[in-house]
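# Remarks on the overall topology
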Amino acid sequence: SPTIKELRRSDFPSGFQFGVATAAYQIEGAAYEGGRGLSIWDVFSHIQGSISDGSNGDVACNHYHLYKDDVLMMKSLGIKVYRFSISWSRIFPDDSEQLNFEGVSFYNNLIDCLLDAGIEPFITLYHWDLPLWLENDVNVRGWLTKGIVEHFARYAGSCFKLFGDKVKNWATFNEIRTMAVEGYGNGSKAPGRCSISALENSKKTTGDSSTEPYIVAHNALLAHGAAVQVYRKFFQADQKGRIGMVVDGKWFEPFSVTRQDEDAAQRCIEFEIAWILDPLFGMDYPDSMRKGAANRLPKFTDEELAILHGSIDFIGYNYYTAYYAEHIEYDIEPSQRWHETDRMANTHYANSEGNLIGECMGPPDNDWIYNCPWALPKMLEWLRQRYGKQQLSSIPIFITENGTMDDMEDMPRHVACNDLKRIEYLKATLQNLGACIKEHGYNVQGYFIWSLMDNFEWNSGLRSRFGLYYVDFANKQSRYIKRSAEWYREFLLQNDEKNNLKLCCYQLWSK
Ligand code: GBH
């Protein structure tokens with residue numbers, strides 16, 4: 001496709017929605033305030049060795065107290081939609097399952113403030129912060145048993161009831177794949193479970209990584225299904241919103257031009273995005289997974305599959321990067337295998353000829369994002385092939401996250417704010433996205449930058465900065481505009497809107 005030099009708002013359909021995204025544990029802070037209960041991330045982040053800079057989300061961006069300023073900041077960007085998540089343990093702090101009204105009013109206030117600013121809320125119900133009481137309940141054990149399903153459905157139903165008159169976009173989960181693989185496969189995320197062989201240090205709990213990622217993803221899918229049933233049965237007709245799920249999954253290119261590596265790349269895509277999406281489109285887990293994970297992969301009953309079939313009104317897709325995949329056969333016992341070995345592939349940043357898949361965006365010790373804007377159109381085409389052009393014409397796609405971290409740790413603020421590489425990355429993604437929507441008519445209806453502001457970036461803590469705004473974590477969590485925010489605003493705002501916003505910006509910047 002032709003290279004587009006300039007990028008204009010008019011390269012996208014007029015109804016296309018632009019926004020930014022965040023998640024509760026990464027920005028809210030106030031971990032012990034407002035009646036909030038603990039989540040598995042409060043525990044995990046406080047265990048020494050689990051977060052690379054030793055930080056945690058106790059304060060994070062202090063968004064819980066600064067949310068009004070943050071909404072003003074969003075308004076000044078010119079965005080029309082904001083994706084954020086609800087902290088389950090702020091709503092249901094303990095096993096009494098009594099509503100915490102302080103938590104409820106925080107989200108009511110935030111939602112009202114957004115609507116006043118002309119910004120539509122787009123809510124993720126679960127972005128990895130499971131209430132601790134559900135992890136510790138011996139009958140539930142977090143996501144490891146089906147006991148979680150009714151609890152999630154109850155929580156989701158409460159949110160629809162409490163906020164659904166004002167909120168029309170609901171995503172049940174953020175990245176079931178990541179929470180399963182990183183929480184129960186390699187143990188790098190809460191609750192930090194992994195197999196004995198991968199247990200290098202004390203922060204990790206022993207688990208069975210050959211089965212748990214599959215069990216956890218399975219139960220989360222069932223919980224999604226139950227929540228959607230609640231929405232459709234009791235709320236959707238009145239509230240007239242839509243409900244879907246946010247998935248991730250990298251694009252994979254063959255490591256070399258061989259049939260074996262082509263198959264390996266396909267398998268990797270199936271082991272990531274299709275693992276979660278196939279059941280939502282009425283299919284069983286991918287054949288390659290049935291083969292690779294054999295009897296360790298749970299089975300759906302006909303009834304469960306029927307519940308999941310058609311259970312999304314939209315697909316939320318988090319797109320960051322692509323890798324090369326190389327066929328490899330692992331010579332290990334079935335009990336030692338896990339998701340990463342079951343797919344019989346190794347992944348690489350460079351191909352067999354040594355060419356990098358894209359420009360590396362992160363610092364050397366946190367280099368998982370490579371700039372591969374060309375891979376997003378490939379994924380959209382892959383989705384269309386797999387789930388059908390007709391079906392995907394009625395199920396819109398939202399790019400629910402896209403963004404990058406800074407390429408240096410501990411950079412001075414003025415350097416971090418002069419983030420030209422981030423602009424390049426975002427612009428290239430948008431150019432490719434706009435062009436392929438125009439040429440191929442993909443039903444993509446929105447795009448969210450990860451993230452509004454620097455925040456608690458899970459294992460990388462406060463050092464890995466993904467924001468359009470800089471946050472000074474050492475000094476009152478003050479926000480500073482970066483060049484990328486100025487660029488996004490310039491891209492989004494038409495002239496008349498810019499004038500209307502002047503007042504709002506003056507209010508913000510003169511504080
Ligand atoms: C998103 O996940 C999350 O939804 C969001 O909360 C997060 O802040 C954002 O990305 C930025 O990271 O072992 O070093 O190779 C993206 C999913 C996260 C999955 C990184 C792969 C690999 C880290 N990916 N992870 S590494």
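Residues numbered from 1 in each chain as written. Predicted model: local features only at pLDDT ≥ 70, side-chain atom pairs only at ≥ 80, totals over all residues. Heavy atoms only, no water.

## So, the state of the cysteines
Taken as a whole and judged by the stated rule, the model has zero disulfides. The thiol of Cys-159 is not disulfide-bonded; the next cysteine sulfur, from Cys-113, is found 19 Å away. Between Cys-268, a free cysteine, and Cys-372, which holds the nearest cysteine sulfur, the sulfur-to-sulfur gap is 15 Å. (Disulfide = S-S within 2.5 Å.)

## What to know about the pattern of salt bridges
Scanning all chains against the criterion turns up 30 salt bridges. Linking Lys-378 and Glu-253 is a salt bridge whose minimum nitrogen-to-oxygen distance equals 2.8 Å. With Lys-378 in helix α14 (residues 375-387) and Glu-253 in strand β8 (residues 251-254), this pair connects stretches of sequence that are 125 residues apart. Using a relative accessible area of 36% as the deciding quantity, one classes Lys-378 as partly exposed. Judged by relative accessible area, Glu-253 falls into the buried class, the value being 17%. Salt-bridge contacts for Asp-278 lead to Arg-386; the nearest nitrogen and oxygen are separated by 2.8 Å. Highlighted residues: Asp-278 in helix α10 (residues 259-280) and Arg-386 in helix α14, separated in sequence by 108 residues. (Salt bridge = Lys/Arg side-chain N within 4 Å of Asp/Glu carboxyl O. Helix = DSSP H or I, 4+ residues; strand = E, 2+ residues; numbered from the N terminus. Buried < 20%, exposed > 50% of the residue type's maximum accessible area, 1.4 Å probe, protein only.)

## Notes on the site of the ligand
As a structural note, the neighbourhood of the ligand is formed by 16 residues, with Gln-26, His-127, Glu-401, Glu-457 and Trp-458 the closest of them. At 2.9 Å from an oxygen atom of the ligand is found a side-chain nitrogen or oxygen belonging to Glu-175. Contact between the ligand and Trp-458: an oxygen atom at 2.9 Å from a side-chain N or O atom of the residue. In the complex, 79% of the free accessible area of the ligand, which totals 570 Å², lies under the protein chains. (Near = heavy atom within 4 Å. Polar contact = N/O pair within 3.5 Å; in protein donor to acceptor, adjacent residues only side chain to side chain. Areas by Shrake-Rupley, 256 points an atom, 1.4 Å probe, with all protein chains shown as cover.)

## Some points on the sheet that holds strand β15 (residues 444-450)
Read around the closed barrel, the eight strands follow the order β1-β2-β3-β4-β7-β9-β14-β15; overall the barrel is parallel. Strand after strand, the sheet turns through a mean of 25 degrees between neighbouring axes, direction not considered. As paired strands, strand β3 (residues 120-126) and strand β4 (residues 169-174) are joined by four bridges and run parallel to one another. If you follow Ile-123 over to β4, its bridge partner there is Trp-170. (Pairing = 2+ DSSP bridges. Axes fitted to C-alpha atoms, helices over the stretch in contact; angles between N-to-C directions.)

## With respect to the packing of aromatic side chains
In this structure the tally under the stated criterion is 49 aromatic pairs. When the centroid spacing of 6.3 Å and the interplanar angle of 80 degrees are considered together, the rings of Phe-12 and Phe-491 count as edge-to-face. Of this pair, Phe-12 sits in the segment before β1 (17-21) while Phe-491 is found in helix α18 (residues 483-492), placing the two residues 479 residues apart along the sequence. The pair formed by Phe-12 and Phe-491 is uniform in burial state, with each residue classed as buried. Cluster of aromatic residues (ring-pair linked, three or more members): Phe-12, Phe-16, Phe-18, Tyr-447, Trp-487, Tyr-488 and Phe-491. Over the aromatic face of Phe-106 sits the side chain of Arg-90, whose NZ or CZ is 5.9 Å from the ring centroid. (Phe/Tyr/Trp six-rings, centres within 6.5 Å; stacked < 30°, edge-to-face > 60°. Lys NZ or Arg CZ within 6 Å of the ring centre and 35° of its normal.)

## Digging into the side chain of Thr-400
When you line up the elements, Thr-400 lands in strand β14 (residues 397-401). There is a polar contact of 2.7 Å between the side chain of Thr-400 and the side chain of Asn-318. Residues in contact with Thr-400, not counting those within four places in the same chain, are Ala-21, Arg-83, Phe-122, Val-246, Gly-316, Tyr-317, Asn-318 and Phe-448. (Contact = heavy atoms within 4.5 Å.)

## Some points on the sheet that holds β8
Strand order in the open sheet formed by three strands is β8-β10-β11, and the pairing between neighbours is mixed. With partners counted over all chains shown, the strands left at the sheet margins are β8 and β11 (345-348), one partner each. When strand polarity is set aside, the average angle formed by the axes of neighbouring strands in this sheet is 40 degrees. Summarising the sheet, strand β10 (residues 322-327) and β11 pair through four bridges and their orientation is antiparallel. Within the sheet, the bridge partner assigned to Glu-326 lies in β11 and is Asn-346. Of the strands in this sheet, β8, β10 and β11 touch α10, which is tilted by about 125 degrees from β10.

Interpretation note: all reported values are geometric properties and have no functional meaning in isolation.
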